[in-house]
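Residues per chain are reported as follows:
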Amino acid sequence: MGIGGLTWQNEELTRPEVAAMLKPKVSARQLQAYLNIARKYLPEFNKFTNTKTGGLNGYAKLYKCHIAVLQEIRSLAREHTLADIENEFLQRGSKK
């Protein structure tokens, strides 16, 4: 439990903090690439799309709940190209 009854799950994280939490660590630039994939194909990352430009929203907040998906993308990136990962998530989205 966090302060005021809030759980730590709702604690806001910076992009460098999240990049350092991934195993193995990644750069902030690499994290941006992973967020870009997640925002295109996963509904829970919709807020990461800038409504005006269609690109990545730099103001969207990251929380601990985002780490599991980003870690999955990170794990896939160790064996596949980002284009391959994007295709994987595209296929997952089309199966729903």
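Before reading further, recall that the structure is shown in the block above.
Reading the values: the criteria
- Residues numbered from 1 in each chain as written.
- Predicted model: local features only at pLDDT ≥ 70, side-chain atom pairs only at ≥ 80, totals over all residues.
- Heavy atoms only, no water.
- Core = buried A, V, L, I, M, F, W, Y, C linked by side-chain atoms within 4.5 Å.
- Buried < 20%, exposed > 50% of the residue type's maximum accessible area, 1.4 Å probe, protein only.
- Helix = DSSP H or I, 4+ residues; strand = E, 2+ residues; numbered from the N terminus.
- Contact = heavy atoms within 4.5 Å.
- Axes fitted to C-alpha atoms, helices over the stretch in contact; angles between N-to-C directions.
- Parallel < 35°, antiparallel > 145°, perpendicular 65-115°, else oblique.
- Left-handed = near helix turned anticlockwise from the far one by under 90°.
- Nonpolar A, V, L, I, M, F, W, Y, C, P; charged D, E, K, R; others polar.

(A) Inspection of the nonpolar core at higher detail. Counting 22 residues, the largest nonpolar core has L31, F45, L70 and I73 as the members making the most contacts within it. Looking at this core, the elements that each hand over two or more residues are α1 (15-21), α2 (28-41), α3 (67-77) and α4 (82-94). Once residues lying within four places of it in the same chain are set aside, the contact partners of L70 are V18, L22, L31, Y34, L35, F45 and L62.

(B) Spatial organisation of α3. Looking only at α3, the buried set comprises I67, V69, L70, Q71, I73, R74 and A77. Buried-residue contacts for α3 involve β1 (12-13), α1, α2, β2 (62-63) and α4.

(C) Structural context of the packing of α2 against α4. At a closest axis distance of 9 Å, the pairing of α2 and α4 adopts a crossing angle of 25°. Judged on the interaxial angle alone, α4 and α2 are roughly parallel. Crossing hand, α2 versus α4: right-handed. For the pair α2 and α4, contact is made by Q30, A33, Y34, I37, K40 and Y41 and by L82, I85, E86, F89 and L90, respectively. For the contact of α2 with α4, a count of residues per class yields eight nonpolar, one polar and two charged.

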